[in-house]
Amino acid sequence: YPVTETPVRHCGTIMRARHGEKLLVPADKEACPVGASALGMVPVPEKVASGEFHFNMGMYKDPAAAKTTLNLRTSFPLGDVVAVAASPLSKATLVPDAVVITALPEQAFWILPAAATFEKGGRVTVEMAAVQASCVDATIIPIVKGKTNISLGCFCCRKTTDIMAEEMFVGIPYKHFE
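Residues numbered from 1 in each chain as written. Predicted model: local features only at pLDDT ≥ 70, side-chain atom pairs only at ≥ 80, totals over all residues. Heavy atoms only, no water.

Caption draft 1: Inspection of the overall build of the chain at higher detail. Assigned secondary structure in the chain consists of eight helices and five strands. Reading the secondary structure of the chain in the N-to-C direction produces α-β-α-α-α-α-β-β-α-α-β-α-β. Counting every position in the chain, which comprises 178 residues, the buried fraction comes to 42%. Total accessible area on the chain stands at roughly 9500 Å², and carbon and sulfur atoms take up 58% of it. Across the chain, 17 positive and 17 negative side-chain charges occur, with their mean positions spaced 3 Å apart. (Helix = DSSP H or I, 4+ residues; strand = E, 2+ residues; numbered from the N terminus. Buried < 20%, exposed > 50% of the residue type's maximum accessible area, 1.4 Å probe, protein only. Areas by Shrake-Rupley, 256 points an atom, 1.4 Å probe, with all protein chains shown as cover. Lys, Arg positive; Asp, Glu negative; His and termini not counted. Charge placed at Lys NZ, Arg CZ, Asp CG, Glu CD.)

Right, here's the structure in full:
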């Protein structure tokens, strides 16, 4: 997996893999400190921890509401991840921890029963927020909690990548991918 030459956000990493690229993103090339801190690559920046960062984006009524959201996110412990390897599944030479798919809602509708309820039935409980769609919702939750999860996308991934307005993310733990 070639190391990216330019810094890239986790959502951008997913989109680059979606478009056929195979890449490795070490901590010093992770462009989003919010995603990098969720991935355990860097400490949580103070403005993020206090809620000030997401409040200033206009996503929350006040910093306390933003801080509550951050405190509830699923994340990796600091230092557990030193780099993210990503590629199209067809080019993967490493066994992935999660498979992240960009999908239309109807495609997600068909993926969810196959990946989440086919074997034992039940219902799918989805965890998502207005922030951290690709890093937390579609990558970390499937890995840490071992469950398929969907996300409608977040402000940053919609602003900085080519995800279409009608698309969403589906994150599947690789152990459930078959």
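Caption draft 2: Examining the sheet that holds strand β4 (residues 149–151) more closely. On the basis of which strands lie adjacent, the open sheet formed by three strands has the order β3-β5-β4 and antiparallel pairing. Two strands bound the open sheet, and with one partner strand each, they are β3 (98–103) and β4. On average, adjacent strands in this sheet sit at an angle of 20 degrees to one another, irrespective of strand direction. The sheet contact formed by β3 and strand β5 (residues 168–173) spans six bridges and is antiparallel. Bridge pairing links Ala103 to Met168 in β5. Here helix α7 (residues 133–145) sits on the sheet and contacts β3, β4 and β5; the angle it forms with β5, its principal contact strand, is near 20 degrees. (Pairing = 2+ DSSP bridges. Axes fitted to C-alpha atoms, helices over the stretch in contact; angles between N-to-C directions. Contact = heavy atoms within 4.5 Å.)

Caption draft 3: How the structure looks around the pairing of strand β2 (residues 83–86). Side-chain alternation along β2 places Val84 and Ala86 on a buried face and Ala83 and Ala85 on a face that remains uncovered. Note that strand β1 (residues 23–26) and β2 share four bridges and pair antiparallel. Note that in β2 the partner of Leu23 across the bridge is Ala86.

Caption draft 4: Structural view of a nonpolar patch on the surface. A cluster of nonpolar residues, Leu89, Val95, Tyr174 and Phe177, forms a patch on the protein surface that exposes about 350 Å² of accessible area. Using a relative accessible area of 30% as the deciding quantity, one classes Phe177 as partly exposed. (Patch = residues over 30% accessible without salt bridge, like charges linked within 9 Å, V, L, I, M, F, W, Y side chains within 5 Å. Salt bridge = Lys/Arg side-chain N within 4 Å of Asp/Glu carboxyl O.)

Caption draft 5: Quick peek at unusual backbone geometry. A positive phi angle is found at Gln132, which is not glycine, with a value near 65 degrees. Relative to the elements of secondary structure, Gln132 occurs in the loop between α6 (105–117) and α7.

Caption draft 6: Spotlight on the nonpolar core. Counting 11 residues, the largest nonpolar core is built from Ala36, Ala38, Leu39, Met41, Phe76, Val81, Val84, Cys135, Val136, Ile140 and Ile141. For this core, the elements supplying multiple residues, two or more each, are α2 (33–38) and α7. Here this core gets four residues from one element, more than from any other, and that element is α7. (Core = buried A, V, L, I, M, F, W, Y, C linked by side-chain atoms within 4.5 Å.)

Caption draft 7: Broad picture of the packing of aromatic side chains. Inspection of the entire model under this criterion finds one aromatic pair. Seen from their ring centres, Phe109 and Trp110 are 4.8 Å apart, and the 80 degrees between their planes marks the pair as edge-to-face. Lys22 extends its terminal NZ or CZ atom over the ring of Tyr1, reaching a point 4.7 Å from the ring centre. (Phe/Tyr/Trp six-rings, centres within 6.5 Å; stacked < 30°, edge-to-face > 60°. Lys NZ or Arg CZ within 6 Å of the ring centre and 35° of its normal.)

Caption draft 8: Quick look at α7. Counted at 1.5 Å a residue, the expected span for α7 with its 13 residues is 18 Å, but the 16 Å between its end C-alpha atoms falls short. Thr139 marks where α7 bends most, by close to 30 degrees; the proline Pro142 follows one to four residues later. Here α7 lies mainly inside the structure; 10 of its 13 residues are buried. Taken as a whole, α7 has its buried residues at Ala133, Ser134, Cys135, Val136, Asp137, Ala138, Thr139, Ile140, Ile141 and Pro142. Looking at the packing, one finds that the buried side of α7 touches α1 (10–18), α2, β3, β4, α8 (155–160) and β5. The positive-phi residue at the C-terminal boundary of α7 is Gly146, with phi of around 65 degrees. (Expected span 1.5 Å × (residues − 1). Bend = angle between axes of the 7 residues up to and from the residue.)

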